[in-house]
Every structure is written in C-alpha cells, then in structure tokens.
Amino acid sequence: MVEPFARLLDVLRDDLDLTGTKEGCGGGECGACTVLLDGESVNSCLVLALEVMGKSVVTVEGLSNHLELDRLQQAFIDEGAIQCGFCTPGMLLSAKALLARQKAPTVQEIRDGLSGNLCRCTGYERIVVAVSKACAKDN
C-alpha cells in the first residue's frame, strides 16, 4: 500500500530497498534521484508514486542484467567517471535515456543530455568521455 502523497523516490528507497537512487536536493535540481519512467529520465523526488501505476520504472539496479554490467556502467568504470558515486546512478540513467533517443550524440548533446545532473567530485569531462565511449561500442 502506497500513501497518496508518497514520492516515488521514497517508495523506491524505503519500501522497495532500491537504494541506488539517491536523494540530493529533494527539489529536482541535482538529478541524484533520476530514474527512467517509460524510458524517459525523471527526477523521482518530484513524482508521486501513484502517478507511475502501469508504467515502467527503471532504477540503476535495473541497468545490468545481473551477469554483466550495462555498457554505460562499464564505460564509467573504465574511464574513471566515478568518484564518490553519489551522482553516478542519476548520470547513468540520464545517459541511458539520451542514448535511447540518439545513437551517436555529439559531445555537446551529451553535455546537454546530462545537464540536469550535478557532479561535485569529478567534474564532467570523464563522464562525457565515458558516455561517448559507451555509444561508440554500438556504432
């Protein structure tokens, strides 16, 4: 049973124990809580859990197939695009949504696609390189 005003973020973390989704600002400005809702990246802190009934929700836990990492996850590791890891789940899911829309985005398109996700540790260069390399594996 979900409370009428429960945020998707809280249900994922507290009720379903999917703690890969992080709470940063709680106001939709940092992207730490990004999930995919029917393939589109959304800030789960701004979505009521009841709004997602019948829709597909993918968290960072759902990126890999449990046998091997998603190409984006592997690229982030290979390129050292992870430091504290707090922003990484949101970055990965925003990148996943971007690559679903665009198979070979430019560097600027990657930057634009990740613009709703803040990183306070690595800067963005290694993250952009990781996303570029992940899409290059498919092309």
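Cut-off values and rules
- Residues numbered from 1 in each chain as written.
- Predicted model: local features only at pLDDT ≥ 70, side-chain atom pairs only at ≥ 80, totals over all residues.
- Heavy atoms only, no water.
- Buried < 20%, exposed > 50% of the residue type's maximum accessible area, 1.4 Å probe, protein only.
- Helix = DSSP H or I, 4+ residues; strand = E, 2+ residues; numbered from the N terminus.
- Arc of directions from axis to C-beta.
- Contact = heavy atoms within 4.5 Å.
- Polar contact = N/O pair within 3.5 Å; in protein donor to acceptor, adjacent residues only side chain to side chain.
- Expected span 1.5 Å × (residues − 1).
- Axes fitted to C-alpha atoms, helices over the stretch in contact; angles between N-to-C directions.
- Parallel < 35°, antiparallel > 145°, perpendicular 65-115°, else oblique.
- Left-handed = near helix turned anticlockwise from the far one by under 90°.
- Nonpolar A, V, L, I, M, F, W, Y, C, P; charged D, E, K, R; others polar.
- Core = buried A, V, L, I, M, F, W, Y, C linked by side-chain atoms within 4.5 Å.
- Pairing = 2+ DSSP bridges.

Overview of helix α2 (residues 71-78)
Taken together, the buried positions of α2 are Leu 72, Gln 73, Ala 75 and Phe 76. Seen end-on, α2 carries its buried residues on one side only, within an arc spanning 165 degrees. Those residues of α2 that are buried lie in contact with α3 (88-101) and α5 (125-136). Backbone nitrogen of Leu 72 and a side-chain oxygen of the N-cap are separated by 2.8 Å at the start of α2; the cap is Asp 70. Following α2 by one or two positions, Gly 80 has its phi on the positive side, about 65 degrees.

Quick look at α3
In this model α3 runs 20 Å from its N-terminal to its C-terminal C-alpha over 14 residues, within 8% of the 20 Å that 1.5 Å per residue would give. Judged by how many residues are buried, α3 sits mostly within the fold: 11 of 14 residues are covered. Looking at α3, one finds that the buried residues are Thr 88, Pro 89, Gly 90, Met 91, Leu 92, Leu 93, Ser 94, Ala 95, Ala 97, Leu 98 and Leu 99. Buried residues belonging to α3 abut β1 (34-37), β2 (40-43), β3 (57-58), α2, α4 (107-113) and α5.

A few points about the packing of α2 against α3
With their axes 10 Å apart at the nearest point, α2 and α3 run at an angle of 125 degrees to one another. By the angle between their axes, α2 is oblique relative to α3. By crossing handedness, the relation of α2 to α3 is classed as right-handed. Contact residues: α2 offers Arg 71, Leu 72, Gln 73 and Phe 76, while α3 offers Thr 88, Met 91, Leu 92, Ala 95, Lys 96 and Leu 99. Its residues assigned to classes, the contact of α2 with α3 shows six nonpolar, two polar and two charged.

Remarks on the nonpolar core
Counting residues in hydrophobic clusters, the biggest one holds 24 residues, and the most contacted among them are Leu 72, Phe 76, Met 91, Leu 114, Ile 127 and Val 131. Within the residue set of this core, elements represented by two or more residues are α2, α3 and α5. Ranked by the residues each element gives to this core, the list is headed by α3, at seven residues. If we ignore the near neighbours within four places in the chain, the residues touching Leu 72 are Leu 92, Ala 95, Lys 96, Leu 99, Val 131 and Ala 134. Among the nonpolar cores identified, the runner-up in size contains six residues, and Leu 8, Leu 12, Leu 37 and Val 52 belong to it.

Description of the side chain of Thr 34
Relative to the elements of secondary structure, Thr 34 occurs in strand β1. Of the residues examined, Thr 34 reaches a relative accessible area of 4% and is grouped as buried. At 2.7 Å, the side chain of Thr 34 forms a polar contact with the backbone oxygen of Gly 31. When residues no more than four places from it in sequence are discounted, the contact partners of Thr 34 are Ser 41, Val 42, Asn 43, Gly 90, Leu 93, Ser 94 and Asn 117.

Thoughts on the pairing of β1
Residue alternation in β1 divides its side chains into two sets, Thr 34 and Leu 36 and Val 35 and Leu 37, and both sets are buried. Taking the residues that link successive antiparallel strands as the turn, the β1-β2 hairpin has two residues, and the phi of Asp 38 there is positive, at about 50 degrees. Where β1 meets β3, two bridges bridge the pair, whose relative direction is antiparallel. Pairing of Leu 37 across the sheet is with Val 57, part of β3.

Overview of the environment of Gly 27
Along the polypeptide, Gly 27 turns up in the loop between α1 (8-15) and β1. Considered as a pair, Gly 27 and Arg 126 are 99 residues apart in the sequence and their alpha carbons are 26 Å apart. Apart from residues lying up to four places away in sequence, Gly 27 is in contact with Cys 45 and Leu 46.

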